[in-house]
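# Geometric and topological summary
Listed below, chain by chain, are the residues.
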Amino acid sequence: MPTVACDLMGVPIHDVTPDETINLIARWIEDGGSHQIATVNPEFLMQARTHPSFRAALKRAALCVPDGIGVMWAARLRGARLRERVTGSDIVPRLSRAAAQRGWRIFYLGAAPGVAERTAEILQSRHPGLRVAGCYAGSPDPVEAPEIIARVRASQAEILFVAYGAPAQDLWLDQHLAQTGAAVGIGVGGSFDFVAGVAKRAPRWIQRLGLEWGYRLLREPWRWRRQLALPYFAWLVLVGQDKPKT
Ligand code: UDP
């Protein structure tokens, strides 16, 4: 099992690399059962700080990977050196490539209507042989859950990507992944939007400088309110208050 490197706001953070994540997924698909992966960034942690149900869902996940540079930094201040970021935006294409090689079926759930289909189409053209179990926008609204579960179950997908943003996608997986029959469920936020070209990801050099959040803020200024959580997160970590509030 992957090691928990540290605990931030009551959420365990695992030290795994993208390659190790793919290897774990392979093992879980072989073993069966259901395994949830959360791609944790500081916005997740600030929500988990005050929402016990979200925190509990993340605690139950099989894997909480460090998606944001802020998580790497905070872990380091707590004496844990995380080796690499593992982002939803990297996992979607990488796991799709691995799935094409190994014959795993993937269900692409979430984002605006048509975006999951476009994402799967693009990935299939890049990785011929990719078995797309299904694509569906749906919504995290509980009234839709039975239909979505039935679709995923009927598709016999081994992997379920859910792109509803946090905390909706992670709460959805916590509640329903086992019912879908998929061995692995991953909350991937806005990742389909990047693959489908609906949103543009920061150039590599900006990602490497750890400034992806700033790029996102410039391109999508409406995020400023959400991103206000970032300086507050940094402050709480600096003063040692990275504990659950409620
Ligand atoms: N989304 C959705 N249904 C909802 C709310 C959000 O499909 O009810 C999608 C939205 O279209 C986007 C993704 O969820 O593709 C969330 O993206 P965001 O950039 O907010 O997530 P982040 O990457 O910041 O977690």
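Residues numbered from 1 in each chain as written. Predicted model: local features only at pLDDT ≥ 70, side-chain atom pairs only at ≥ 80, totals over all residues. Heavy atoms only, no water.

Running from N to C, helix α3 (residues 52-60) and helix α8 (residues 168-180) point in directions that differ by 60 degrees, and their axes come no closer than 9 Å. In this view, α3 runs oblique relative to α8, as classed from their interaxial angle. Note on packing geometry: the crossing formed by α3 with α8 is left-handed. Residues S53, F54, A57, L58 and R60 of α3 form the contact with α8, whose own contacting residues are D170, L171 and D174. When the residues that make up the contact of α3 with α8 are grouped by side-chain class, the tally is four nonpolar, one polar and three charged. (Axes fitted to C-alpha atoms, helices over the stretch in contact; angles between N-to-C directions. Helix = DSSP H or I, 4+ residues; strand = E, 2+ residues; numbered from the N terminus. Parallel < 35°, antiparallel > 145°, perpendicular 65-115°, else oblique. Left-handed = near helix turned anticlockwise from the far one by under 90°. Contact = heavy atoms within 4.5 Å. Nonpolar A, V, L, I, M, F, W, Y, C, P; charged D, E, K, R; others polar.)

Burial along strand β2 (residues 11-14) is two-sided: V11 and I13 and P12 and H14, pointing in opposite directions, are all buried. The turn linking strand β1 (residues 4-8) back onto β2 is made up of two residues, and M9 within it adopts a positive phi angle of 55 degrees. (Buried < 20%, exposed > 50% of the residue type's maximum accessible area, 1.4 Å probe, protein only. Pairing = 2+ DSSP bridges.)

Taken together, 13 residues lie around the ligand, and A111, G190, D193, R216 and R223 are the ones closest in. A distance of 2.9 Å separates an oxygen atom of the ligand from a polar backbone atom of A111. When isolated, the ligand has an accessible area of 550 Å², and the protein chains bury 71% of it. (Near = heavy atom within 4 Å. Polar contact = N/O pair within 3.5 Å; in protein donor to acceptor, adjacent residues only side chain to side chain. Areas by Shrake-Rupley, 256 points an atom, 1.4 Å probe, with all protein chains shown as cover.)

On the basis of which strands lie adjacent, the open sheet formed by six strands has the order β4-β3-β8-β7-β5-β6 and parallel pairing. One side of each edge strand has no neighbouring strand; the edge strands of this open sheet are β4 (63-66) and β6 (131-136). Going across the sheet, the axis of each strand differs from the next one's by a mean of 20 degrees, ignoring polarity. As judged from the four bridges shared by strand β3 (residues 35-40) and β4, these two strands associate in the parallel manner. The residue of β4 that forms the bridge with I37 is L63.

Side chains that are three or four residues apart share a direction in an α-helix, a result of its 3.6 residues per turn. With seven of nine residues buried, helix α2 (residues 42-50) lies mostly within the body of the structure. Residues P42, E43, F44, L45, M46, A48 and R49 constitute the buried set of α2. Structurally, the start of α2 carries an N-cap: the backbone nitrogen of E43 is 3.0 Å from a side-chain oxygen of N41.

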